[in-house]
Every structure is written in C-alpha cells, then in structure tokens.
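Per-entry structural report
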Amino acid sequence: TYTIVFLDAGIVTTLNDNDQQNLKDLFKAVILNNGEEAGRLMVERARYERCSQSEGGIESFSRGIGEIVAEFHDRRKQGLTLGVVRIGALLARVLELCRLHGVEIDPAMDVN
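Keep in mind it's a predicted model, so treat the numbers as computed, not measured.

What counts as what
Sequence order as written defines residue numbering, which begins from 1 separately in each chain. Only residues with pLDDT of at least 70 are given local features in this predicted model, and only at 80 or more are side-chain atom pairs given and counted; all residues enter the totals for whole chains, interfaces and linings. Each side-chain value is derived from all of the structure's non-hydrogen atoms; neither hydrogens nor water enter the calculation. Helix and strand definitions follow DSSP, with helices as H or I runs of at least four residues and strands as E runs of at least two, each counted in order from the N terminus. Accessible area is worked out with a 1.4 Å probe on protein chains only. A residue is then buried under 20% of its type maximum, exposed over 50%, and partly exposed in between. We call two residues in contact when some of their heavy atoms are within 4.5 Å. Each accessible area is a Shrake-Rupley result for a 1.4 Å probe, and residues are judged covered by the shown protein chains and nothing else. Orientation is described by lines fitted to C-alpha atoms, with helices fitted over the stretch in contact, and by angles between N-to-C directions that extend from 0 to 180 degrees. Orientation is classified from the angle alone, with under 35 degrees giving roughly parallel, over 145 giving roughly antiparallel, 65 to 115 giving roughly perpendicular, and any other angle giving oblique. What makes a crossing left-handed is the near helix being turned counterclockwise from the far one by less than a right angle; a clockwise turn instead makes it right-handed. pLDDT is a residue-level measure of predictor confidence that goes from 0 to 100. Only Asp, Glu, Lys and Arg are considered charged in this grouping, and only Ala, Val, Leu, Ile, Met, Phe, Trp, Tyr, Cys and Pro are considered nonpolar; every other residue, Gly among them, is considered polar. Among the buried residues, those of types Ala, Val, Leu, Ile, Met, Phe, Trp, Tyr and Cys that are joined through side-chain atoms within 4.5 Å form a nonpolar core.

What follows covers the overall build of the protein. When you go through the protein residue by residue, the secondary structure sums to 5 helices and 0 strands. What you see in the protein, going N to C, is helices and strands ordered as α-α-α-α-α. A burial count over the protein gives 30% of its 112 residues as buried. Here the contacts in the protein between residues at least 6 apart in sequence split such that 61% fall between residues at least 24 apart. When the accessible surface of the protein is summed, it comes to about 8,100 Å², and 54% of that surface belongs to carbon and sulfur atoms.

Running from N to C, helix α2 (residues 35-44) and helix α3 (residues 57-76) point in directions that differ by 130 degrees, and their axes come no closer than 7 Å. The orientation of α2 relative to α3 falls into the category oblique. Relative to α3, the crossing made by α2 is right-handed. Contacts from Gly35, Glu36, Ala38, Gly39, Arg40, Met42 and Val43 of α2 reach α3 at Ile58, Phe61, Ser62, Arg63, Ile65, Gly66 and Val69.

For any part of a model where pLDDT is low, the fine detail of the predicted coordinates should not be relied upon. Confidence in the prediction of the protein, expressed as mean pLDDT, is 83, and 78% of residues score 70 or more. Mean pLDDT across the secondary structure elements of the protein bottoms out at helix α4 (residues 82-85), with 59, and peaks at α2, with 94.

What follows is about the packing of α3 against helix α5 (residues 87-101). For the pair α3 and α5, the least separation of the axes is 10 Å and the interaxial angle reads 180 degrees. When the interaxial angle is binned, α3 and α5 end up roughly antiparallel. The segment α3 lies against α5, with Gly57, Ser60, Phe61, Gly64, Ile65, Ile68, Glu71 and Phe72 engaging Leu90, Arg93, Val94, Leu97, Cys98 and His101. Per-class residue counts for the contact of α3 with α5 are 8 nonpolar, 4 polar and 2 charged.

Counting 17 residues, the largest nonpolar core has Met42, Phe61, Ile65, Val94, Cys98 and Val103 as the members making the most contacts within it. Secondary-structure elements contributing two or more residues to this core are α2, α3 and α5. At 5 residues, the largest contribution of residues to this core is made by α3. Beyond its immediate sequence surroundings of up to four residues, valine 103 is in contact with Met42, Val43, Ala46, Tyr48, Glu49, Cys51, Phe61 and Cys98.

This part covers the side chain of serine 62. By the element assignment, serine 62 lies in helix α3. Look past the residues within four positions of serine 62 in its chain and what remains in contact with it is Gly35, Glu36, Gly39 and Arg40.

This is how it looks when you write it as structure tokens:
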C-alpha cells in the first residue's frame, strides 16, 4: 500500500497548457530516475541558456542533474521524509548548476 501526502504551503500558480506539459515531462523524468533527461529538458525548454554555447555544456549540466536525481532516489529508499531527502540541499545544488551553466529556471516553475 502506498500513501501520497501533499503539503500545502499556500503557493498557488496557474500554468498554461505548454507550461503544464513542461512540468509533467520534467516530473516524469525525475520520478522515473532519468535525471539526465530531466537536465536536457531543462536546457531545451529554458527561455535562456548559455550552456549549449560551450562544447559539452549540455551534457555536463544534464550529468549534474542526473547525479542530483539519483541521490534523491537513493535517499528516498530510506524513507520519503524531508530530513532524509534533504530537499533544500538538493534544490540548492540544482540552482547552483543552473547558475554555473547559465540555464534560466522557467518563471512558471518559480515559487518565490
């Protein structure tokens, strides 16, 4: 038996059809532990990115996202709690990769 728990942090946004599809595709890649695909999707669908301008940039970014997703799945095996998964630390690494590689986070996915 599986239980899904949603935490409502009071963050609300409306996504258009394209943004909904982008979010679904990204979550699917993460859920299926296909982090490199998630990284490629982030680059392909970014409104601005500069990592494609350097040789191996997309692959490097995607590999980094792949490592983060794999770590998430490894930790998840210990229990899906915020303490075990350390979601804040993982998100900080994603943001650092985006900064280093010049991949803009889609404003539709920003929760600030």
